[in-house]
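So the chains spell out like this:
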Amino acid sequence: MNETVEVTDIVAICCPKYKDRPQIAKVVQKTRNGYSIHWMTGSYSGPWAVAKKRDGRKKVPWVDNIKESDIIYKKISFTSGQKLTNKMAQMLRALYATKEGTKS
């Protein structure tokens, strides 16, 4: 887990303000106290794409800022169909289960 996060890396995030799992984002730039990210939308078994939100009439990527400590897994890779591999999905489920267990 000590590898550095680069711009364009796909990362898994554990962010208490969002409850849906898994939380996956693409890093767009490093900031002074963390990273600027584009949230991605998808599921453990379905394809992933950049999440969009409305800005007036047009849809723009959903950008957020996170701290490095929010990242629970770095350098996620997708299959050719933009899906998580079975192994990756299982690992993320286990990571989120242990994170949830430590909070209560």
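Residues numbered from 1 in each chain as written. Predicted model: local features only at pLDDT ≥ 70, side-chain atom pairs only at ≥ 80, totals over all residues. Heavy atoms only, no water.

Draft legend 1. Spotlight on the pairing of strand β7 (residues 63-66). Residues Asp-64 and Ile-66 line the buried face of β7, whereas the alternating positions Val-63 and Asn-65 sit on a face that is not buried. Two strands pair when backbone bridges link them, and strand β3 (residues 34-41) and β7 are joined in this way by four bridges, in the antiparallel orientation. The residue bridging Tyr-35 from the neighbouring strand is Ile-66, located in β7. (Buried < 20%, exposed > 50% of the residue type's maximum accessible area, 1.4 Å probe, protein only. Helix = DSSP H or I, 4+ residues; strand = E, 2+ residues; numbered from the N terminus. Pairing = 2+ DSSP bridges.)

Draft legend 2. A look at unusual backbone geometry. For Lys-75, which is not glycine, the phi dihedral falls at a positive 60°. You will see that Gln-82, though not glycine, has its phi angle at about 60°, which is positive. Among the structural elements, Gln-82 can be located in the loop between β8 (71-73) and α1 (86-103).

Draft legend 3. Seen up close, the environment of Asp-55. Note that Asp-55 resides in strand β5 (residues 52-55). Residues Asp-55 and Lys-67, spaced twelve residues apart in sequence, show a C-alpha to C-alpha distance of 25 Å.

Draft legend 4. Inspection of the packing of aromatic side chains at higher detail. For the coordinates displayed, the defined rule picks out one aromatic pair. For the pair Trp-48 and Phe-78, a centre-to-centre distance of 6.4 Å together with 20° between the ring planes defines the contact as stacked. Highlighted residues: Trp-48 in the loop between β3 and β4 (49-50) and Phe-78 in the loop between β8 and α1, separated in sequence by 30 residues. Phe-78 matches Trp-48 in its accessibility class, with the two residues each being buried. Lying across the ring of Tyr-44, Arg-93 places its NZ or CZ 4.1 Å from the centre. (Phe/Tyr/Trp six-rings, centres within 6.5 Å; stacked < 30°, edge-to-face > 60°. Lys NZ or Arg CZ within 6 Å of the ring centre and 35° of its normal.)

Draft legend 5. The nonpolar core, seen in detail. Ranked by internal contacts, the top residues of the largest apolar core, which has 16 residues, are Ala-12, Ile-24, Ile-76, Phe-78, Leu-84, Leu-92 and Tyr-96. Only β1 (10-13), β8 and α1 provide two or more residues apiece to this core. Once residues within four sequence positions are removed from consideration, Ile-24 is found in contact with Ile-10, Val-11, Trp-39, Met-40, Trp-48, Ile-76, Phe-78, Leu-84 and Leu-92. (Core = buried A, V, L, I, M, F, W, Y, C linked by side-chain atoms within 4.5 Å. Contact = heavy atoms within 4.5 Å.)

Draft legend 6. Structural detail: the pairing of strand β6 (residues 58-61). Bridge count between β5 and β6: four bridges; the pairing is antiparallel. Across the sheet, residue Lys-52 finds its bridge partner in β6, namely Pro-61. A loop of two residues connects β5 with β6, the two strands running antiparallel in sequence, and Gly-56 in this loop sits at a positive phi of about 70°.

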